[in-house]
Amino acid sequence: MNCYPKNYILVIAEKSKAAKKIAEALSDKPTTCKKYSVSYWVVNYKGKVNVVAPAAGHLFNLYGDSSFPIFSMDWKPLWEIDDSAKYTKKYYNLLKDLSKYAIEYINACDYDIEGSVIGYMIIKHFGDLKKAKRMKFSALTKQDIQKAYSNLSPLDYNMINAGIARHKVDWIWGINVSRALMLAVSSVTKKRVTLSAGRVQSPTLIHVVENEIARELYIPLPVYRVRVKIKIGNETFSLSLNRTFEYKEEAQEFANKIKKSRAVVDEVRIEEKPLTRPSPFNLGDLQAEAGRILGYSPYYVERLAEELYLDGLISYPRTNSQKIPPSVDIKSIVNGLEANFKNLVGLVRNITKGEYIVRQGSKDDPAHPAIYPTGNRITEKLGIKQYKLFELITRRFLASISRDAIMITQKIIIRFKDVDISDEITRQKIKFKGWLLLYPYHSVKDEELLDVKEGEEVKIESVSVKMDLAKPDVKRYNKVQLLKWMETSNLGTEATRGKIIETLFNRKYLSQKRGTIYPTSLGIVIVEVLKDYFKDLTSIELTSKMEEKLNEILDGKETVEGVVAETINTLRIYLDNYNKYKDQIGIKLAKILGLMKYKKCKFCDLEAEYDNLCKYHYNAYMKLKETLKVWKERTKLEDKDILKKIYSSKTTGKYIKDMISEMM
DNA sequence: GCAAGGTC
Ligand SMILES: [Zn+2]
């Protein structure tokens, strides 16, 4: 068919892969055409000529001049305003050209608010909104696409407006507060530094900072436990009883009672339990597992997965879904994988006898299924890191369609008759390995069961009291754990979480040591400034409130103008206050950036506020004094010995250790 | 130059 027809229906897809799928669903033999080195397709469908052409995500973005504050912005071609998005120019030009001779437009972008904006902007700038329709599909399968094509709706203005409001709210908050921070510094120092704040990045930074401060102020408290060595038949076991005591005397008293008690095997419980196979990956799970197993950072995983997707080896990776719909032909995917993963395919056939049942996860996505291998064989040579990720995705997919493992657990309940206390010994054995063979990245205990019978006598060999230190309930984060926190806090999307974490590193708000994330002094001060002057931006509630507003727009109860006006009003109040304290903020930031002299804390780069200590080290000192009293009461030890014990514990926070080093 | 969101 002619690549330059006239009077056709222009079908706009969000990306090239989707355009191709749509064309193939509408025709068995779509004509592939190319312009500006971008492929598009011409098909005849139900007697009409359709041209299916791709965008590349957003081709338009918000732009405003460099004034401050700034509340007016316009949509501009992305390639004009962002040097790193020059590649969008060819898609822009293609859609502009193809719009000229179209008589109808169909927005066939992903069915979510961003997809609605992407298609709307293209039709608005190049085509005719009065001749536009929306196509709604939830999977890029032939049936879904054909069904969607025959049930076209008018343009979904509520969704478009919700998307536009999202762009504007983020832009207004982000650009203005970022400029406020930078201008505060430059007005005091005449120096330009890049600083930023935003709806997603700022609550994420604050979470790291608050977590870190709590962790570095941690002081373990002593607890006492009773350990019992017992003998059943010829075998000895060591039990650490669950009960904990604050005071050594209490623990000793309890230990004496145990020592005098008789003991017996009260019950032997043997159970068979499935160890459920995992669901297929969504992007967050893939980033978590690739981090845990391969040591890759979340953003790197997203980039590699994108390449595998473009190579045609895996399905679309930026998805939240853990489900694979029945329209996906699992059998032929497994057959296809045989070329590159002969052993794994052999294993999965063996385990399942060729009957594959996907273990569907609970999470879903409006536009895409879970990540799975397409079954295409590797044609171009993959780098080793890419190959490892592909193998991980393949193994996870095969595990998800295989069978649950079966575990046998044995619980031996030991009862100390005279004190009426029970404890247990547990053993577990793998009866059927199932998916564990395909996805061998969990250490699952496989032990022999014990030959112990109910009513058997238990000999108490020895009883002792041991001091333990309580474990902290705050843990430092690595990138993957931070990304998972963002996910559960509903911050960012699949495509942006990894990138936003990298932004916090690029701003030098965060640093990393052996994989563990620490906030820098600059990060800590940025958090202080945001908490004092732009409180809304410090909370994840800004996102949930925004989403409520977007839902109101979706329900037709609110408008873009209303939401934008509300944002501006809130921000204006903050900015009025900011103007009063601008120099103070600038000085505070300039100091930590090394642009002004100041008196540093004896132990860190923050400003000394209490004699020669920053407020965090001062807090550490106060807390240590209080905790010392508790320790003394419980252990009856000398201060010096207590400090030594606290200092030598791995769990003690750094601020606390700094203060102890001062006192010893 | 600065956000967050698409996609490469
Ligand atoms: Zn300090």
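As the structure is a prediction and not an experimental result, all values here were calculated from the model.

Peer 1: I would appreciate a short explanation of the coordination of the zinc ion in the present structure.
Peer 2: Under ideal tetrahedral coordination, the four donors around a metal are separated by 109.5 degrees; under ideal octahedral coordination, the six donors are separated by 90 or 180 degrees. Within the protein, the zinc ion binds to C601 (SG), C604 (SG), C614 (SG) and H617 (ND1); these donor distances fall in the range 2.1 to 2.4 Å. Bound by 4 donor atoms, the zinc ion shows angles of 100 to 118° at the metal and therefore tetrahedral coordination geometry. Binding-site remark: the zinc ion is held by donors from one chain whose sequence spacing is C-x2-C-x9-C-x2-H. Here the residue C601 occupies a position in the loop between helix 18 (560–592) and helix 19 (615–635), and C614 occupies one in the loop between helix 18 and helix 19, the gap between them amounting to 13 residues. The class of C614 is buried, set by a relative accessible area of 1%.

Peer 1: Can you walk me through the pattern of salt bridges in this structure?
Peer 2: A side chain with one charge may pair with a side chain of the opposite charge, provided their charged atoms come close. All chains considered together, the criterion is met by 51 salt bridges. Its salt-bridge partner being D28, residue K142 comes within 3.2 Å of it at the nearest N-O pair. Linking K142 in helix 5 (residues 142–149) with D28 in the loop between helix 1 (16–26) and strand 2 (31–35), this pair joins segments that are 114 residues apart in sequence. K142 gets classed as partly exposed once you look at its relative accessible area, which sits at 38%. In this structure D28 comes out as exposed when scored by relative accessible area, which is 70%. The residue K549 makes a salt bridge to E558 at a minimum N-O spacing of 3.7 Å. Connected via shared salt-bridge partners are E114, R166, D170 and R199.

Peer 1: Explain the sheet that holds strand 2 to me, please; I cannot follow it from the model alone.
Peer 2: Hydrogen bonds between backbone atoms are what pair the strands of a sheet, whose relative direction is either parallel or antiparallel. Sheet architecture is open: 7 strands sit in the order 2-3-4-1-7-8-9, paired in mixed fashion. Edge positions in the open sheet fall to strand 2 and strand 9 (153–154), since each of these has one partner strand only. As paired strands, strand 8 (residues 132–134) and strand 9 are joined by 2 bridges and run antiparallel to one another. Bridge pairing links R134 to S153 in strand 9.

Peer 1: Sorry, what's going on with the environment of V188 here?
Peer 2: Within the secondary structure, V188 sits in helix 6 (residues 157–189). When the C-alpha atoms of V188 and Q584 are compared, they prove to be 9.0 Å apart, with 396 residues separating the residues in sequence. Residue contacts for V188: discarding those within four places in its chain leaves D583, G586, I587 and M596.

Peer 1: What is the right way to look at the UniProt feature "domain: Toprim" (unreviewed entry) in chain A in this model?
Peer 2: This chain's UniProt record puts "domain: Toprim" (unreviewed entry) on residues 8–141. In residues 8–141, helix accounts for 31% and strand for 32%; the two terminal C-alpha atoms are 23 Å from one another.

Peer 1: I would appreciate a short explanation of the state of the cysteines in the present structure.
Peer 2: Here, the word disulfide means a covalent bond between the sulfur atoms of two cysteines. The tally for this structure, following the rule as stated, stands at 1 disulfide. Left without a disulfide partner, C109 is nearest to the cysteine sulfur of C33, which lies 19 Å away. Classification of C109 as buried rests on a relative accessible area of 0%.

Peer 1: How do you make sense of helix 1 when you look at a structure like this?
Peer 2: One full turn of an α-helix is made of 3.6 residues, so residues set three or four places apart face in the same direction. Among the residues making up helix 1, those that are buried are A18, A19, I22, A23, A25 and L26. One face of helix 1 carries all of its buried residues, which in axial projection span an arc of 160°. Looking at the buried residues of helix 1, the elements they touch are strand 1 (8–13), strand 3 (38–45), strand 4 (48–54) and helix 5.

Peer 1: Explain the domain arrangement of chain A here, please?
Peer 2: When the parts of a complex come together, some accessible area is lost, and that lost area is often used as the size of the interface. The domain boundaries assigned to chain A delineate domain 1 (6–154), domain 2 (163–215 + 472–591), domain 3 (220–272 + 411–442 + 453–467), domain 4 (281–399) and domain 5 (613–661). The distance between the C-alpha centroids of domain 1 and domain 4 comes to 28 Å. Between domain 1 and domain 4, a total of about 710 Å² is buried, with carbon and sulfur atoms accounting for 53% of that surface. At the boundary of domain 1 with domain 4, the tally comes to 0 salt bridges. Counting every contact that joins domain 1 to domain 4 gives 2 residue pairs in polar contact (both at pLDDT 80 or more).

Peer 1: How should the protein's contact with DNA strand B be read in this particular structure?
Peer 2: In the neighbourhood of DNA strand B, 43 residues make up the surrounding shell, with S66, Y87, E306, Y316 and T493 lying closest. Atoms of DNA strand B within 4 Å of the protein belong to the sugar or the phosphate in 57% of instances, the rest to bases. Contacts to DNA strand B include S196, whose side-chain N or O atom sits 3.4 Å from a phosphate oxygen. Residue V200 places a main-chain N or O atom 2.8 Å away from a phosphate oxygen belonging to DNA strand B. Secondary-structure elements contributing two or more residues to the surface near DNA strand B are strand 5 (60–63), helix 6, helix 10 (298–310) and helix 15 (497–506). If you tally residues by element for the surface near DNA strand B, the top one is helix 6, at 9 residues.

Peer 1: Which parts of the structure should I look at to understand the packing of helix 6 against helix 18?
Peer 2: Axis angle and axis distance: for two packed helices, these are the angle between their axes and the distance between the axes, and together they describe the pair. The interhelical angle for the contact between helix 6 and helix 18, taken along N-to-C directions, is 15°, at an axis separation of 8 Å. Taken together, the axis directions place helix 6 and helix 18 in an arrangement best described as roughly parallel. Crossing handedness for the pair helix 6 and helix 18: right-handed.

Peer 1: Help me understand the pairing of strand 10 (residues 222–232), please; the structure alone is not making it clear to me.
Peer 2: Across a regular strand the side chains alternate sides, sitting on one face of the sheet and then on the other. Of the pairings in the sheet, the one linking strand 10 to strand 15 (residues 457–469) comprises 10 bridges and is antiparallel in character. By the bridge assignment, I230 is partnered in strand 15 with I460. Linking strand 10 to strand 11 (residues 235–245), which pair antiparallel, is a turn of 2 residues; within it G233 sits at a positive phi near 60°.

Peer 1: Help me understand the packing of helix 7 (residues 201–216) against helix 15 in this model?
Peer 2: Where helix 7 contacts helix 15, the axes come no closer than 10 Å and their chain directions differ by 65°. Comparing their axes, helix 15 and helix 7 come out roughly perpendicular. Where helix 7 crosses over helix 15, the handedness of that crossing is right-handed. Of helix 15, the residues touching helix 7 (which contributes Q201, T204 and L205) are I500, T503 and L504.

Peer 1: Could you clarify how one ought to interpret the packing of aromatic side chains in this entry?
Peer 2: Two descriptors summarise a pair of aromatic rings, namely the distance from one centre to the other and the angle between the planes of the rings. Under the definition given, this model contains 19 aromatic pairs. Taking the centre distance of 5.0 Å and the plane angle of 85° together, the rings of Y45 and Y149 count as edge-to-face. Here the residue Y45 occupies a position in strand 3, and Y149 occupies one in helix 5, the gap between them amounting to 104 residues. Residues Y45 and Y149 agree in their burial class; the two are buried. On the numbers, 5.4 Å between centres and 85° between planes, the contact of Y309 with Y316 is edge-to-face. Under the relative-accessibility criterion, Y309 is labelled buried at 7%. In this structure Y316 comes out as buried when scored by relative accessible area, which is 13%. Taken together through their ring pairs, the aromatic side chains of F68, W173, F534, Y574 and Y578 make up a single cluster.

The rules we used
- Residues numbered from 1 in each chain as written.
- Chains lettered and ligands numbered in written order.
- Predicted model: local features only at pLDDT ≥ 70, side-chain atom pairs only at ≥ 80, totals over all residues.
- Heavy atoms only, no water.
- Donors = N, O, S within 2.8 Å, 3.2 Å for Na, K, Ca; no water.
- Tetrahedral: all angles 85-135°; square planar, octahedral: opposite > 155°, others 65-115°.
- Helix = DSSP H or I, 4+ residues; strand = E, 2+ residues; numbered from the N terminus.
- Buried < 20%, exposed > 50% of the residue type's maximum accessible area, 1.4 Å probe, protein only.
- Salt bridge = Lys/Arg side-chain N within 4 Å of Asp/Glu carboxyl O.
- Pairing = 2+ DSSP bridges.
- Contact = heavy atoms within 4.5 Å.
- UniProt positions renumbered as here; feature names shortened; annotations may be inferred.
- Disulfide = S-S within 2.5 Å.
- Arc of directions from axis to C-beta.
- Domains from an automatic or database assignment.
- Buried area = accessible area lost by both parts, 1.4 Å probe.
- Polar contact = N/O pair within 3.5 Å; in protein donor to acceptor, adjacent residues only side chain to side chain.
- Near = heavy atom within 4 Å.
- Axes fitted to C-alpha atoms, helices over the stretch in contact; angles between N-to-C directions.
- Parallel < 35°, antiparallel > 145°, perpendicular 65-115°, else oblique.
- Left-handed = near helix turned anticlockwise from the far one by under 90°.
- Phe/Tyr/Trp six-rings, centres within 6.5 Å; stacked < 30°, edge-to-face > 60°.

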